Amino acid sequence: MTGNDINLEMGLSLPIMEHFYTIQGEGRYTGTAAYFIRIGGCDVGCHWCDVKESWNANIHPIKKIDDIVKTAISFSKTIVLTGGEPLMWNLVPLTQKLKESGCNIHIETSGAYSINGQIDWICLSPKKTSLPKEDVYASAHELKVIVYNQHDFKFAEEQALKINKNALLYLQPEWSNREKMTPKIIDYVMKNPQWHISLQTHKYLNIP
Ligand code: SF4
């Protein structure tokens, strides 16, 4: 095992695809300024994934969490951990350092791996190819189902039955199919008002 491997296992370094200050575009915190940390690596394999370049963790630079935290907190105290699938990694040291700096930590996850680290807001976006772990259903704050086709409404209802009762429920059109699916989501939410619409507003605003 190399030094890099040991640091990755201990969560002292992580493969970072990109990190940037922007506006959260989706879900409950839409419109909120936040620092995004996109961690490489995902084995869930969604065919419509818009960040396929994240899948192979080996092509992303291994960065020390101390350096990431220092940069992140110079921009914002609201941090969004995303990927890829960020829960593939040991997030304990990263989230501990962010908490010590007074940050609110959000995560965007498929739930395919159990929660680790200190997370303040869990956005669960379940995927059919790798269903969420029970602990993620139990602790998620929002359920965000991506609607690519008609069957996804059925999937959304199945997932809503599994998630804890306090979670907010969102349906979000998959970007490449948004013209077809957005009107169907509007209709669905009006008939089923426990659901809300989430749009990828950052893409409409042309920001990362
Ligand atoms: S879980 Fe996310 S990053 Fe992974 S393949 Fe699906 S959409 Fe892409």
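Residues numbered from 1 in each chain as written. Predicted model: local features only at pLDDT ≥ 70, side-chain atom pairs only at ≥ 80, totals over all residues. Heavy atoms only, no water.

Another aspect to go through is the environment of Phe-153. Topologically, Phe-153 is positioned in helix α5 (residues 151-162). For Phe-153, a relative accessible area of 5% puts it in the buried group. Separated by 32 residues in sequence, Phe-153 and Ile-185 place their C-alpha atoms 8.6 Å apart. Non-local contacts of Phe-153, meaning those with residues more than four positions away in its chain, are made with Val-147, Leu-171, Met-181, Lys-184, Ile-185 and Tyr-188. (Helix = DSSP H or I, 4+ residues; strand = E, 2+ residues; numbered from the N terminus. Buried < 20%, exposed > 50% of the residue type's maximum accessible area, 1.4 Å probe, protein only. Contact = heavy atoms within 4.5 Å.)

Attention shifts here to the UniProt feature "domain: Radical SAM core" (unreviewed entry) in the chain. Per the UniProt entry, the sites bearing "domain: Radical SAM core" (unreviewed entry) are residues 29-208 in this numbering. Across residues 29-208 one finds 30% helix and 22% strand; the C-alpha atoms that close the span lie 15 Å apart. (UniProt positions renumbered as here; feature names shortened; annotations may be inferred.)

Here we take up the nonpolar core. Side chains of nonpolar character tend, in soluble globular proteins, to be buried together. The biggest cluster of nonpolar side chains holds 43 residues, and the ones touching the most others in it are Ile-37, Leu-81, Leu-91, Leu-171 and Trp-195. Dropping the residues within four chain positions of it, Leu-91 is found in contact with Leu-14, Ile-39, Leu-81, Pro-86, Ile-107, Asn-116 and Gly-117. Cys-42, Val-44, Cys-46 and Ala-112 belong to the second largest nonpolar core, which has 6 residues in total. (Core = buried A, V, L, I, M, F, W, Y, C linked by side-chain atoms within 4.5 Å.)

This part covers the site of the ligand. Cys-42, Val-44, Gly-45, Cys-46, Trp-48, Cys-49, Val-51, Trp-55 and Gly-84 make up every residue found near the ligand. Of all the cavities here, the one that holds the ligand is the largest pocket. (Near = heavy atom within 4 Å. 1 Å grid on protein atoms, 1.4 Å probe; cavity = no way out; pocket = protein on both sides within 12 Å on 5 of 7 lines; lining within 4 Å. Sits in = over half its atoms within 2 Å of the grid points.)

This chain's UniProt record puts "binding site: substrate" (unreviewed entry) on Ile-23, Gln-24, Gly-25, Arg-38, Thr-82 and Pro-208. Of the annotated positions mentioned, Gln-24 line the largest cavity. Structurally, the position occupied by Ile-23 is in strand β1 (residues 13-23). If we ignore the near neighbours within four places in the chain, the residues touching Ile-23 are Gly-31, Thr-32, Ala-33, His-202 and Ile-207. As for its placement among the helices and strands, Arg-38 is situated in strand β2 (residues 33-39). On the basis of relative accessibility, which here comes to 13%, the residue Arg-38 falls in the buried class. In contact with Arg-38, other than residues within four places in its own chain, are Pro-15, Ile-16, Met-17, Glu-18, Phe-20, Val-51, Thr-82 and Gly-83.

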